[in-house]
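Secondary and tertiary structure notes
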Amino acid sequence: MTENLTTAAGRVPDRVAARSTRTLLTCGILAGPLYVVVVVLQMLTRDGFDISRHPASMLSNGDQGWIQIATFVVTGLLFVAYAIGLRRMLGRAAGRGGTWGPRLIGVLGAGMVAAGCFSADPADGFPPGTPLGPPTTMSWHAVVHLLVAGVAFLALIAACFVFARGFASSGHRGWAVFSASTGALFLGTWLSLFGLQGARVVNVAFAVAIALALAWTSLLAAHQLTRPGEPGETAR
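Reference entry: report on the structure contained in this document. (Residues numbered from 1 in each chain as written. Predicted model: local features only at pLDDT ≥ 70, side-chain atom pairs only at ≥ 80, totals over all residues. Heavy atoms only, no water.)

For the rest of this paragraph, the subject is the overall build of the protein. Helix and strand counts for the protein come out as 6 helices and 0 strands. Written out in order from the N terminus, the α and β elements of the protein read α-α-α-α-α-α. With 236 residues in all, the protein has 44% of them scored as buried. Of all intrachain contacts in the protein linking residues separated by at least 6 positions in sequence, the fraction that spans at least 24 positions is 71%. (Helix = DSSP H or I, 4+ residues; strand = E, 2+ residues; numbered from the N terminus. Buried < 20%, exposed > 50% of the residue type's maximum accessible area, 1.4 Å probe, protein only. Contact = heavy atoms within 4.5 Å.)

Here you go:
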């Protein structure tokens, strides 16, 4: 009887841990679509906003700016939860090896939370009443916003390549190509922003690259729910 009780008691925490891990991974499925949907709805309803001229970060300004601020914070927290679930799942397959993929997703989440706490400045006619053109000065919180956003972008790009390598090593060619292509597109459009400042097509391309990268994070989370522990090599 004692042996049976011990066995039963040992199974309960396992089931609870598995359920909580699935919940954390589900946060990863929801994070990207939540951000994209809320930003698109604001693009369609906020007066004066033009994605070809204004980055989504500028939606944090104005009377309805709290919506974008909340979106940054909630999405970031979902990514942090996702990173914890991803670490648990990959840790089972990778033994004692560290895992950079989940850590980078966690940095992405923390960066988004910080981006919500430190808003970008109004510029180029948004919100309505703001002078046209780039701002002549930059507030301290806008500087911090740029810094944390840059760290979040780099973390997401690096995560794409880290997982691409892991998928390639485990023989998942399709996922490897998808991950590497997503990271390369994100990196290329981001760098283009600096080289072709003010080019509307580049601004739109970067917005599309962000949406694609966030879709990648959601699909990766869904893949982990259906194929736990892949790619195990990522964590080595």
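From this point, things continue past the structure.
We now examine the packing of aromatic side chains. With the rule as written, the count across this model stands at 12 aromatic pairs. Where F49 meets F126, the ring centres are 5.4 Å apart and the plane angle is 75 degrees; that geometry is what we call edge-to-face. With F49 in the loop between α1 (2-45) and α2 (65-94) and F126 in the loop between α3 (100-117) and α4 (140-169), this pair connects stretches of sequence that are 77 residues apart. Here the two residues F49 and F126 agree in accessibility, since each one is buried. Where F153 meets F206, the ring centres are 5.5 Å apart and the plane angle is 85 degrees; that geometry is what we call edge-to-face. Placement of the pair is F153 in helix α4 and F206 in helix α6 (residues 200-226), with a sequence separation of 53 residues. A relative accessible area of 10% places F206 in the buried class. Through a chain of ring-to-ring contacts, three or more aromatic side chains come together here, namely F153, F186, W190, F194 and F206. Directly above the ring of W100 sits R103, whose terminal nitrogen or CZ lies 5.0 Å from the centroid. (Phe/Tyr/Trp six-rings, centres within 6.5 Å; stacked < 30°, edge-to-face > 60°. Lys NZ or Arg CZ within 6 Å of the ring centre and 35° of its normal.)

This paragraph deals with the side chain of S119. In this fold, S119 is placed in the loop between α3 and α4. Taking relative accessible area as the criterion, S119 reaches 15% and is therefore assigned buried. Not counting chain neighbours up to four residues away, the residues in contact with S119 comprise S60, I69, H141, A142 and H145.

Another aspect to go through is the packing of α3 against α4. With their axes 8 Å apart at the nearest point, α3 and α4 run at an angle of 160 degrees to one another. With respect to α4, the axis of α3 lies roughly antiparallel. Viewed along their axes, α3 and α4 form a crossing whose handedness is left-handed. Here W100, G101, P102, L104, I105, V107, L108, G111, A114 and A115 of α3 come into contact with α4, specifically with H145, V148, V151, A152, A155, L156, A158, A159, V162 and F163. Residue classes in the contact of α3 with α4 are distributed as 17 nonpolar, 3 polar and no charged. (Axes fitted to C-alpha atoms, helices over the stretch in contact; angles between N-to-C directions. Parallel < 35°, antiparallel > 145°, perpendicular 65-115°, else oblique. Left-handed = near helix turned anticlockwise from the far one by under 90°. Nonpolar A, V, L, I, M, F, W, Y, C, P; charged D, E, K, R; others polar.)

A word on the pattern of salt bridges. The full count for this structure, using the stated rule, is 2 salt bridges. A salt bridge links D50 to R200; its shortest N-O distance comes to 3.5 Å. Of the two residues, D50 sits in the loop between α1 and α2 while R200 sits in helix α6, which places them 150 residues apart along the sequence. Between D124 and R53 there is a salt bridge whose closest N-O contact spans 3.3 Å. Placement of the pair is D124 in the loop between α3 and α4 and R53 in the loop between α1 and α2, with a sequence separation of 71 residues. (Salt bridge = Lys/Arg side-chain N within 4 Å of Asp/Glu carboxyl O.)

Looking now at the environment of V151. Along the chain, V151 turns up in helix α4. For the pair V151 and M112, spaced 39 residues apart in the sequence, the C-alpha separation amounts to 9.5 Å.

Moving on: the nonpolar core. F79, Y82 and W216 are the most contacted members of the largest nonpolar core, which totals 47 residues. Mapped onto this core, the elements with two or more residues apiece are α1, α2, α3, α4, α5 (173-195) and α6. Setting aside its immediate chain neighbours within four residues, F79 contacts A31, G32, I105, L108, G109, M112, L214 and T217. (Core = buried A, V, L, I, M, F, W, Y, C linked by side-chain atoms within 4.5 Å.)

With that out of the way, let us pick up the side chain of H145. For H145, the position within the fold is in helix α4. A relative accessible area of 3% means that H145 is categorised as buried. Every residue in contact with H145, bar those within four places of it in the chain, is listed here: S57, F72, A115, F118, S119 and A120.

A contiguous nonpolar surface patch, about 390 Å² in accessible area, is contributed by M138, V143, L146 and L147. Mapped onto the fold, V143 is located in helix α4. (Patch = residues over 30% accessible without salt bridge, like charges linked within 9 Å, V, L, I, M, F, W, Y side chains within 5 Å. Areas by Shrake-Rupley, 256 points an atom, 1.4 Å probe, with all protein chains shown as cover.)

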